[in-house]
Amino acid sequence: MPGYNKHRIFNYIVFIVVALILYFENIFSFSSGMLLAICLGFYIGTEFVTPDLDVDSAAYKRWGRLKILMLPYKWLFKHRQSSHNIFYGAIVRILYISVIILGFYYLIFKSLPQEFTFSYVYVIVFLIGIIIANALHVILDKIF
Ligand SMILES: [Zn+2]
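Rules used in this analysis
Residues numbered from 1 in each chain as written. Predicted model: local features only at pLDDT ≥ 70, side-chain atom pairs only at ≥ 80, totals over all residues. Heavy atoms only, no water. Donors = N, O, S within 2.8 Å, 3.2 Å for Na, K, Ca; no water. Helix = DSSP H or I, 4+ residues; strand = E, 2+ residues; numbered from the N terminus. Buried < 20%, exposed > 50% of the residue type's maximum accessible area, 1.4 Å probe, protein only. Expected span 1.5 Å × (residues − 1). Contact = heavy atoms within 4.5 Å. 1 Å grid on protein atoms, 1.4 Å probe; cavity = no way out; pocket = protein on both sides within 12 Å on 5 of 7 lines; lining within 4 Å. Points joined across faces, edges and corners; volume = space filled by probe spheres on them. Nonpolar A, V, L, I, M, F, W, Y, C, P; charged D, E, K, R; others polar.

**Observations regarding the coordination of the zinc ion**
Right, so step 1: Within the protein, the atoms that donate to the zinc ion are Asp52 (OD), His84 (NE2), His137 (NE2) and Asp141 (OD), at distances of 2.0 to 2.3 Å.
Right, so step 2: Mapping the donors of the zinc ion onto the primary sequence yields the spacing D-x31-H-x52-H-x3-D. Here histidine 137 pairs with aspartate 141, and both are found in helix α6 (residues 120-143), just 4 residues apart, close to one helical turn. This pair shows no difference in class: histidine 137 is buried, exactly as aspartate 141 is.

Written out as structure tokens, the structure reads:
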């Protein structure tokens, strides 16, 4: 099983190589805002919202004191099973964290957010960054 740093190195190398190929071959171009959104999503997906949140992994420990929020996730999902599904593993983690964030928002403001200040496109690109990072994690786990 590849360790945390092996996953990180693999993710960043693949991401940079693919991004350079897409850029220099003029296959796909992002605006600077979209590039920032996908890079941020990819970073969060590689460093914090990884499939290995289902065990006492380095990614889990990186949450610091907030790792207590991930305990129910760890209890619910057995290691390398549904959390490591390439299609819905990341979606479940994003939904899980979204529920926590909305819960805190509700506790602080006594209501849910009425409108989004970001463009939905940037949010979707950000989430795609997380999903790509998680897919690369699962692919590397399958290789080793
Ligand atoms: Zn893993």
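**As for helix α2 (residues 32-47)**
Right, so step 1: Compared with the 22 Å implied by 1.5 Å per residue over 16 residues, the 22 Å span of α2 between its first and last C-alpha is a close match.
Right, so step 2: Turning to α2, its buried residues number three or more, namely Ala37, Ile38, Gly41, Phe42, Gly45, Thr46 and Glu47.
Right, so step 3: Where the residues of α2 are buried, they touch α1 (4-24), α3 (58-61) and α6.

**Some words on empty space enclosed by the protein**
The rolling of a water-molecule-sized probe over the atoms marks out the regions of remaining empty space.
Right, so step 1: On inspection of all chains with the given rule, the structure shows 2 cavities of 30 Å³ or more.
Right, so step 2: Taken as a whole, the largest cavity encloses approximately 50 Å³ of empty space.
Right, so step 3: As for the largest cavity, its lining consists of Tyr4, His7, Arg8, Asn11, Gly45, Thr46, Thr50, Asp52 and His137.
Right, so step 4: Counting only elements with at least two residues in the lining of the largest cavity, the list comes to α1 and α2.
Right, so step 5: Of the pockets and cavities examined, the second largest cavity occupies roughly 30 Å³.
Right, so step 6: Lining the second largest cavity, in full, are Asn85, Ile86, Ala90, Arg93, Ile131, Asn134, Ala135 and Val138.
Right, so step 7: At the level of elements, α5 (89-109) and α6 are the ones that each hand at least two residues to the lining of the second largest cavity.

**With respect to the side chain of asparagine 134**
Right, so step 1: With respect to the helices and strands, the residue asparagine 134 is situated in helix α6.
Right, so step 2: Exposure remark for asparagine 134: the relative accessible area of 2% places this residue in the buried category.
Right, so step 3: Ignoring anything within four residues of it in the chain, the contact list for asparagine 134 reads Gly45, Val49, Thr50, Pro51, Ala90 and Arg93.

**Observations concerning the environment of isoleucine 131**
Right, so step 1: Within the element layout of this structure, isoleucine 131 appears in helix α6.
Right, so step 2: Separated by 41 residues in the primary sequence, isoleucine 131 and alanine 90 have C-alpha atoms spaced 5.6 Å apart.
Right, so step 3: Filtering out sequence-adjacent residues up to four positions away, isoleucine 131 remains in contact with Ala90, Ile91 and Ile94.

**Things to note about the layout of surface pockets**
Right, so step 1: Size it by volume and the second largest pocket reaches roughly 350 Å³.
Right, so step 2: Lining the second largest pocket are 13 residues, and of these Val18, Ala19, Leu22, Phe30 and Leu35 sit closest to its centre.
Right, so step 3: At the level of secondary structure, the elements contributing two or more residues to the lining of the second largest pocket comprise α1, α2 and α6.
Right, so step 4: If one sorts the elements of the lining of the second largest pocket by residue count, α1 sits on top with 6 residues.
Right, so step 5: For the lining of the second largest pocket, a count of residues per class yields 12 nonpolar, 1 polar and no charged.

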